[in-house]
Amino acid sequence: MDKRLEINIKIEVVESENDLDDAWQLLIQKAKEASYSAYAPYSDFNVGAAVQLDNNIIVTGNNQENAVYPTGLCAERVALFAASSQYPKNAVKRMAIMAQKGKKGKFLPATPCGGCRQAISEYETKGKIPIRVLMMGPHHTLYLVNNSDSLLPLKFSPDSLT
Ligand code: THU
């Protein structure tokens, strides 16, 4: 008989921002604010990401597009790379992602792309603590995952290189 591997992924569905504690609400606010400064003239899809480090400092990023499309970068990686370059010794402990089409403040469901999931996983390895990720789900709910395994099962990790 064939063997089968079953992977359980846990996603907490939060009904409203108001159900979250102050730390998460602040991070959501920072991610929303960052989305207003996104440079996304080609898609007009404006994404903000805010990461909080183990020293509680918050670093934000937003998507940066380019006329040569693949040259641009997603908000999540802009935030993670900025955090790791400015605070190389501090681990990322959580991240909020907020996206809007245009800049009218109507935030939409958006989950990180595959490349950003891989980057989140890398910074989990680097920081040695899980990164909790909050994003918007359908109908104004919020999705919360406790680590990158829930975003990227069977991921390629530094162990894969040995
Ligand atoms: N984008 C992000 O910045 N983060 C996501 O989670 C999804 C997509 C950006 C990339 C591109 O600039 C635009 O949104 C449309 O894909």
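Scroll up to find the structure.
The structure displayed is predicted, hence computed values, not measured ones.

Direction of pairing for strand β1 (residues 12–14) relative to strand β7 (residues 142–145): antiparallel, over a ladder of three bridges. Paired with V13 across the bridge in β7 is Y143. Alignment of strand β6 (residues 132–136) against β7, held across four bridges, turns out to be antiparallel. In the sheet register, M136 faces β7, and the bridge partner there is L142. The antiparallel hairpin formed by β6 and β7 contains five residues in its connecting segment, where H139 sits at a positive phi of about 55°.

Moving on, we come to the site of the ligand. Taken together, the residues surrounding the ligand are S43, F45, V47, N63, E65, C74, A75, E76, T111 and P112. At 2.5 Å from an oxygen atom of the ligand is found a side-chain nitrogen or oxygen belonging to E65. Within the backbone of A75, an N or O atom sits 2.9 Å from an oxygen atom of the ligand. Against a free-state accessible area of 370 Å², the protein chains account for coverage of 75% of the ligand. Elements that contribute at least two residues to the shell around the ligand include exactly β2 (45–53) and α2 (75–86).

On a regular strand, one side chain projects to one face of the sheet and the next to the other, so that they alternate. The buried count for β2 comes to eight of nine residues, which makes it a mostly enclosed element. By the bridge criterion, nine bridges tie β2 to strand β4 (residues 92–101) in an arrangement that is antiparallel. Bridge pairing links V51 to M95 in β4.

If you look at the biggest cluster of nonpolar residues, it comprises 23 residues, and the most contacted ones within it are V51, L80, M95, I120, I131 and V133. Elements represented by at least two residues in this core include exactly β2, α2, β4, α3 (114–127) and β6. Take this core: its biggest share by element is five residues, from α2. Counting residues in hydrophobic clusters, the runner-up holds 14 residues, among them L20, W24, A50 and A96.

Here we come to the environment of M136. With respect to the helices, strands and loops of the structure, M136 is situated in strand β6. The spacing of M136 and P112 is 24 residues in sequence and 10 Å in space, taken between C-alpha atoms. With sequence-adjacent residues up to four places away left out, M136 is seen in contact with I97, M98, F107, L108, P109, A110, T141 and L142.

About the thresholds
- Residues numbered from 1 in each chain as written.
- Predicted model: local features only at pLDDT ≥ 70, side-chain atom pairs only at ≥ 80, totals over all residues.
- Heavy atoms only, no water.
- Pairing = 2+ DSSP bridges.
- Helix = DSSP H or I, 4+ residues; strand = E, 2+ residues; numbered from the N terminus.
- Near = heavy atom within 4 Å.
- Polar contact = N/O pair within 3.5 Å; in protein donor to acceptor, adjacent residues only side chain to side chain.
- Areas by Shrake-Rupley, 256 points an atom, 1.4 Å probe, with all protein chains shown as cover.
- Buried < 20%, exposed > 50% of the residue type's maximum accessible area, 1.4 Å probe, protein only.
- Core = buried A, V, L, I, M, F, W, Y, C linked by side-chain atoms within 4.5 Å.
- Contact = heavy atoms within 4.5 Å.

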